[in-house]
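Chain by chain, the residues:
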Amino acid sequence: MATHADVHDHYHPPGLQHQFEDMGQQQESASIGMWMFLVQEIMFFGGLFTVYLVFRSKYPMAFAAGSNHLDVAWGAGNTVVLIVSSLTMALAVHYAQLGKRMAQVVCIILTMILGTMFLGVKSIEYAAKYNDGIVPVTGLNRRTAVSHEAGTYSLPSDPNMQRNQSLDAPASVEQNKGVSGEQHGAEKEHVYVNPTGSFIWEDISLAQLAEKGNFLTSAEKIGYYTNGQLDPHKFRDKVRIFYWIYFVMTGLHALHMIIGLGLMAWLLWKAWLGTFTADYYSPVEMSGLYWHFVDIVWIFLFPLLYLLGRHFAGGH
Amino acid sequence: MQNVDTINSGYIEKPTNYLTNGYTLKSWLLTKDHKRIAILYLIVISIFFLMGGLYAATIRLELLTPQSDMLETQTYNKVFTQHGILMIFFFLIPSIPAVLGNFFVPIMIGAKDLAFPRINLLSWYLYMIGGVLTLWALMQGGVDTGWTFYAPYSTTFSNSYVTAVGLGIFVNGFSSILTGLNLIVTTHTMRAPGMTWFRLPLFVWALYATSLVMILGTPVIAITILLLAVERLAQIGIFDPAIGGDPILFQHLFWFYSHPAVYIMVLPGMGVISELISNFSRKKIFGYEFIAFSSIAIAVFGFLVWGHHMFVSGQSIYAGLVFSFLTMVVAIPSAIKMFNWTATLYKGSILFDTPMLYALGFLGLFLIGGLTGLFLGSMGLDIHLTDTYFVVAHFHYVMVGGQVIAYLGGIHYWWSKMTGKMYSEFWGKISAMLVFVGFNLTFFPQFILGYQGMPRRYAAYPEEFQVLNIFSTAGASVLGVGLVMPVIYLTHSLIWGKDAPANPWLLPGLEWRIPSPPPTENFETTPIVTWEAYDFTEESGLDLESARNKNKVTV
Amino acid sequence: MQNTSWVPFFPEQASTFAWQVDGLYLYLILISVFFTVLIFAGLLVFGIKYREREKYATGAEIHGSIGLETFWSIIPFIISMTIFLGGAIVYYNQQRMPDDATEIFVVGKQWMWKIQHGTGQREINELHVPVGRKIKLTMTTEDVLHDFSIPAFRTKFDVVPGRYTTTWFEATKPGKYHLFCAEYCGLNHSGMGGYVYVMEQRDFDNWLSGNVSGQTPVEAGNDLFNNKLGCASCHQQNDQGRGPNLAGIFGKDVRLTGGQIVKADDEYIRNSILNPQGQIVEGYQPIMPTFKGQITEEQLVQLIAYIKSLGGNSIEGTTTRTTTTTNTNTSGGNNMNSNSGTGGSTIRVPLPERGAANNRQGSNPNAPDITSEPTNRQR
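The rules behind each value
Every chain is numbered on its own, with residues counted from 1 as its sequence reads. Key to labels: chains lettered from A, ligands numbered from 1, both in the order written. Given that this is a predicted model, residues contribute local features only at a pLDDT of at least 70 and side-chain atom pairs are listed and counted only at 80 or more, while totals for whole chains, interfaces and linings are drawn from all residues. To get the side-chain values, take all heavy atoms of the structure and skip hydrogens and water. Helical segments are the DSSP runs of H or I of at least four residues, strand segments are the runs of E of at least two, and each set is numbered from the N terminus. Summary of the burial criterion: residues with accessible area below 20% of their type's maximum are buried, those above 50% are exposed, and those between are partly exposed, where the area comes from a 1.4 Å probe applied to protein chains only. The contact criterion used is simple: two residues touch if any of their non-hydrogen atoms lie within 4.5 Å. Like-charged residues are merged into a patch within 9 Å and nonpolar side chains (Val, Leu, Ile, Met, Phe, Trp, Tyr) within 5 Å, provided each residue has over 30% relative accessible area and no salt bridge. The accessible surface values rely on the Shrake-Rupley method and a 1.4 Å probe; as for residues, cover is taken only from the protein chains in view. Salt bridges are defined by distance alone: a side-chain nitrogen of Lys or Arg within 4 Å of a carboxyl oxygen of Asp or Glu. Buried surface area refers to the total accessible area, computed with a probe of radius 1.4 Å, that the two partners give up upon joining, counted for both partners together. In this description, strands pair whenever DSSP reports at least two bridges between them. Axis geometry follows a simple rule: fit a line to the C-alpha atoms, using only the stretch in contact for helices, then measure angles between N-to-C directions, giving values from 0 to 180 degrees. Definition used in this section: a nonpolar core is a set of buried Ala, Val, Leu, Ile, Met, Phe, Trp, Tyr and Cys residues joined via side-chain atoms within 4.5 Å. In this tally Asp and Glu are treated as negative and Lys and Arg as positive; neither His nor the chain ends contributes. Under this definition, polar contacts are N or O atom pairs within 3.5 Å; protein pairs additionally need one hydrogen-donor-capable and one acceptor-capable atom, and for neighbouring residues in sequence, both atoms have to be side-chain atoms. Handedness of a crossing is defined here by the sense of rotation of the near helix relative to the far one, left-handed for an anticlockwise turn of less than a right angle and right-handed for a clockwise turn. Residues are grouped as follows: Ala, Val, Leu, Ile, Met, Phe, Trp, Tyr, Cys and Pro are nonpolar; Asp, Glu, Lys and Arg are charged; all remaining types, including Gly, are polar.

Visitor: It is not clear to me how the overall build of chain A should be interpreted in this structure. Could you clarify?
Guide: Along chain A, the regular secondary structure elements total 10 helices and 2 strands. Expressed as a percentage of the 316 residues in chain A, the buried residues total 52%. A fraction of 82% describes how many contacts in chain A between residues 6 or more apart in sequence connect residues 24 or more apart.

Here is the structure:
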């Protein structure tokens with residue numbers, strides 16, 4: 001309310017909202033509120049982690065196969081980037097508490113650069129998945145017309161392909177014209193034979209290995225076998241579940257990063273204006289909590305998605 | 001916003017209150033005043049309630065005859081689904097926290113507003129966006145999965161607007177989370193000096209427990225519905241067994257929220273009832289601490305019993321045993337509340353005004369709802385009863401007999417404070433009794449139908465079930481009249497009702513110590529609380545002695 | 001016992017579980033009545049005795065009582081534990097499969113029950129069992145969740161796609177009892193059911209060796225079409241079914257997928273029942289299961305006689321349904337299927353969401369024996 005100053009004539013520090021009595025109360029409210037929000041976030045991601053655990057314990061080999069195909073180097077690099085960004089964020093809070101304007105600004109800018117680096121790496125990884133045809137949503141992978149020279153595609157009788165073809169028929173025809181016309185020559189060493197942009201997975205070596213070693217669980221046998229035979233299509237579907245979980249989890253995490261960067265931009269502007277002082281720094285502190293939370297989520301995502309299952313031989 | 005005229009002019013006899021503080025649409029739609037936001041909620045929630053009620057009426061009419069003759073089967077399936085979705089997600093869950101909680105929690109603890117007024121407004125907008133999305137989907141063709149959205153029917157087989165409705169519920173869920181967050185923080189940090197935790201009205205305790213459930217549970221349903229939508233759009237196979245998914249996983253995730261959601265609906269109702277029973281007996285509530293902690297216990301144990309919805313779905317027998325045991329345990333706090341409420345009446349001075357009639361109705365109906373919950377929690381019996389009309393009757397006794405009755409009681413109790421007008425006590429009593437009678441006539445026969453074996457969600461049913469269904473439909477029409485009446489006489493009171501005094505019943509709560517309707521910032525000066533909750537003695541500063549004497553003189 | 005006009009409070013007790021469940025139920029009713037009377041009496045007595053006698057009078061100063069609180073926490077807890085134990089024992093009895101049970105396989109499918117006896121007999125929407133023998137049901141489904149429920153036996157269990165669930169019972173009383181689908185499964189959920197016939201061993205043996213009835217071929221065919229085989233659930237008279245309307249079709253020309261036109265004669269109908277995938281009527285999906293092996297030659301003749309008897313546009317004796325087309329609430333649904341030759345265009349269920357729509361069709365229910373994971377949907 002604009003008129004609160006008229007109603008209450010006691011002293012109002014800048015940044016104190018009308019519903020609070022003093023800065024301490026406001027600070028405490030913001031802090032509890034942020035923690036409650038983070039609890040909410042934990043439950044949100046918790047649902048996803050549950051789904052991950054259920055399916056990982058159901059199809060460990062498929063998950064290992066999918067996991068092995070992820071690039072650990074990028075993932076590890078990103079982990080370092082995020083941890084460093086948490087440090088710069090913590091420093092930003094520290095300098096805000098001391099009321100040092102320029103130091104804050106620098107730290108916030110550093111945090112933003114590191115956050116952007118993380119997202120950049122993530123998009124490189126996503127692009128690789130797109131090129132490899134392992135985005136689990138049909139139509140979101142690189143499409144190429146079936147070329148006669150490279151007609152070595154090994155899963156022609158895949159019913160999934162047929163279904164997708166009938167679904168996407170008009171779109172894929174259009175798309176194919178453009179892609180095959182422009183890029184056919186340039187794609188010498190990488191031949192993509194995926195006219196519908198569907199999910200492709202041919203590597204069943206891990207499942208074969210497990211079969212030989214006789215350590216497939218009964219749930220896996222149900223999941224991978226057709227009439228007692230290892231079925232590449234069924235194995236592929238389970239790998240697809242892994243990639244789906246991978247994309248949803250990292251995607252939601254990236255969304256949180258983007259929101260975090262938005263927050264940082266706002267903080268940067270405020271800090272530049274010199275809003276935050278030793279008395280009033282709770283926005284920086286709260287944004288810091290949020291940033292650390294997003295960081296911690298990644299600390300869990302990285303081993304679960306990239307590292308678990310890597311001890312199995314094979315893969316890439 | 002007060003304009004210069006109102007501040008400077010001397011001829012305004014009434015001080016500005018939150019209703020007269022600006023009349024433009026903008027002053028309402030961009031308000032950060034918790035009271036105005038509560039009124040916005042009240043209006044929209046009432047509309048959703050009436051829509052859900054119309055669906056209910058349609059269901060009861062269709063079930064008048066054994067054949068599906070009034071509606072096509074397909075239409076019937078959509079009607080009961082939409083009844084459930086509107087009532088649960090857009091009425092039962094937000095109603096008491098977002099209307100009564102929003103309005104009265106800050107006042108009852110002596111605060112000027114909620115801790116985060118802007119987030120409060122945001123949550124109303126999220127509720128509106130979710131609601132509009134859902135309504136849009138209903139206009140486009142509706143949804144026919146049942147409110148439970150069980151996979152793989154919802155992910156693969158249903159040809160209806162599952163994704164759009166799911167998105168509506170997803171957005172609405174964040175409205176619920178933000179309301180819960182706001183109420184928790186407000187209760188923690190905004191209490192007036194002297195308002196210790198054990199001086200809080202039990203309504204605040206109940207809403208605190210509710211908010212915990214909202215924050216811990218709602219994100220899980222949000223992510224579940226998100227997964228459902230992605231599964232539906234891209235056919236990944238997380239819930240669809242044809243490519244390795246697990247439909248039972250969906251049920252676990254769904255009930256992990258949706259069972260606690262039952263407590264989101266009924267805990268605030270219990271809070272309202274604690275207020276009513278105590279205040280209308282003019283007496284301290286019996287066992288304050290036990291009622292307060294039983295709310296928290298319900299919120300905590302409520303998270304551990306979801307599996308009792310799945311006794312026949314193929315989960316392991318040992319999981320079933322644990323869930324059944326915990327279900328019995330979670331019944332105890334409710335029983336404690338029930339006994340304490342009854343004991344509160346002992347040696348009271350009981351007023352039978354409309355809100356109290358609702359409160360007594362709640363005690364009767366919630367008792368039956370709770371006891372029949374034990375039937376369903378008992379595994380052997382659940383095999384026979386689950387997915388029959390027994391379940392339908394049980395949860396309507398809890399949801400309507402519990403939550404809706406409590407909500408109506410609360411609306412009547414605080415109406416004078418919220419609007420500054422008195423409603424007709426005569427019509428209030430009539431409608432309270434009609435609701436009670438109509439409700440029992442509607443839903444009691446359904447217990448018998450359920451034990452007979454009539455499955456729920458049937459558009460057509462075997463002929464031998466018709467007699468009881470006719471009773472039920474007849475009761476529904478009485479219930480319908482009882483529920484429409486308040487809309488009429490409450491609206492009537494807004495224009496023609498008498499002006500309400502600040503404290504019509506001479507009650508000790510903080511909300512009764514400020515004018516009706518309250519000023520924008522609630523309290524002129526921050527109150528200092530020196531009395532316990534429901535304290536009718538002189539310590540609370542209430543001068544009942546002189547009121548009695550005055551009354552004797554005038555009589 | 002035939003109950004058509006009035007409902008007793010209990011359904012018939014026709015299995016060995018019935019008395020257990022009913023006993024538990026009675027125990028709980030007893031408890032409920034006790035507490036209801038207690039609380040209601042409390043409300044009534046206190047309400048009258050302590051009503052407001054003087055305006056603004058206050059009640060007594062009572063804060064509470066630890067003793068009472070403990071008392072009414074512990075007593076309900078003990079009672080609830082007896083309920084828990086009782087329920088657990090009954091549940092355990094139902095969930096622990098006996099070793100000496102006869103196994104019957106049940107496959108749910110939108111919207112019919114397909115049942116296969118160990119001896120090879122197949123039934124649809126009917127289950128014949130002998131009295132006094134333990135029967136174990138092994139169940140699965142081809143599409144969505146269903147729930148096999150027989151109230152008279154107090155037995156019920158979900159049927160889950162992709163896995164087998166089991167339940168068992170022992171019928172104690174010959175008769176005809178309702179069989180329901182209790183888990184919501186879509187459009188015709190309320191029509192997905194039938195009857196369980198409990199027979200004396202002698203009658204059951206008779207039934208196994210082929211039952212004899214005194215019906216005319218048309219009557220018998222009517223019975224087969226509308227009840228026993230459940231043809232009418234898809235071949236509805238109002239063009240809304242998933243299969244073509246068969247009224248008045250006999251002797252007419254039928255246009256098949258691919259443009260071929262054939263005459264609907266005896267041979268055509270016979271082939272359509274035994275080998276449905278061979279001749280798909282234009283505008284319909286190849287979803288009809290084969291009835292080869294489930295239907296005797298004699299029954300084929302009866303069915304053909306019945307279809308011949310269907311003149312005009314209505315089928316006598318089928319479930320009557322209003323034929324108003326409900327497309328008012330569906331803008332933008334694409335009408336995938338056109339009519340099948342009986343006049344009037346068929347308005348189909350709208351398909352607002354693409355992925356789901358595609359998968360909904362095309363189940364191939366030829367084989368009721370399900371592989372470990374249902375692979376029957378084209379993907």
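Visitor: Which parts of the structure should I look at to understand a nonpolar patch on the surface?
Guide: All names here are of chain A. A cluster of nonpolar side chains, namely M102, V106, I109, L110, I113, M117, W266, W269, W272 and L273, defines an oily patch on the protein surface of about 1000 Å² accessible area. Of all the secondary-structure elements, those providing two or more residues to the nonpolar patch are α5 (101-132) and α9 (232-272). It is α5 that contributes the most residues to the nonpolar patch, 6 residues altogether.

Visitor: Hey, could you run me through the interface of chain B and chain C in this one?
Guide: When the parts come together, some accessible area is lost, and that loss is often what is quoted as the size of the interface. Across the contact, 118 residues belong to chain B and 108 residues belong to chain C. Overall, the association of chain B and chain C removes approximately 10100 Å² of surface from exposure, summing both partners, and the carbon and sulfur fraction of that is 64%. The interface formed by chain B and chain C includes 2 salt bridges. For the salt bridge of R163 of chain C with D246 of chain B, the shortest nitrogen-to-oxygen distance reads 3.2 Å.

Visitor: What exactly am I supposed to notice about the sheet that holds strand β6 (residues 146-150) of chain C here?
Guide: The pairing of strands in a sheet comes from backbone hydrogen bonds and takes either a parallel or an antiparallel form. Residues and elements named next belong to chain C. With mixed pairing, the 5 strands of this open sheet are ordered in space as β4-β10-β9-β6-β7. Sheet topology places β4 (126-130) and β7 (155-159) at the edges, where each strand pairs with a single neighbour. Here the strands of the sheet are splayed against their neighbours by 20 degrees on average, with no regard to which way each runs. Sheet strands touched by helix α3 (residues 201-208): β4 and β10 (193-199). Its angle to β4, the strand with the most contacts, is close to 130 degrees.

Visitor: What's the story with the nonpolar core in this structure? I'm lost.
Guide: If you look at the biggest cluster of nonpolar residues, it comprises 347 residues, and the most contacted ones within it are L100 of chain B together with F148 of chain C. Here the element with the most residues in this core is helix α4 (residues 73-108) of chain B; it accounts for 21 residues. Residues in contact with L100 of chain B, not counting those within four places in the same chain, are S95, V105, F203, V272, Y407, G410, I411, W414 and M418 of chain B. Grouped together as the second largest cluster of nonpolar side chains are 27 residues, L224, V281, Y284 and L300 of chain C included.

Visitor: Help me out: how do you make sense of the side chain of K417 of chain B in this one?
Guide: All names here are of chain B. Among the structural elements, K417 can be located in helix α14 (residues 389-419). For the buried K417, no salt bridge is present, and the opposite-charge side chain at shortest range is E511, 8.0 Å distant. A distance of 3.1 Å separates a polar atom in the side chain of K417 from the backbone oxygen of E511. K417 has contacts with F104, A502, E511, W512, I514, P515, S516, P517 and P518, leaving out every residue within four places of it along the chain.

Visitor: Can you help me understand the packing of helix α3 (residues 34-62) of chain B against α14 of chain B in this one?
Guide: The geometry of a pair of packed helices is captured by two quantities: the angle between their axes and the separation between those axes. Residue and element names in this part refer to chain B. Here α3 crosses α14 at 145 degrees, and the two axes come no closer than 14 Å. Judged by the sense of rotation from one axis to the other, the crossing of α3 with α14 is left-handed. Residues I39, L42, I45, F49 and R60 of α3 form the contact with α14, whose participating residues are Y389, V404, Y407, I411, W415 and M418. Residues that form the contact of α3 with α14 fall into these classes: 10 nonpolar, no polar and 1 charged.

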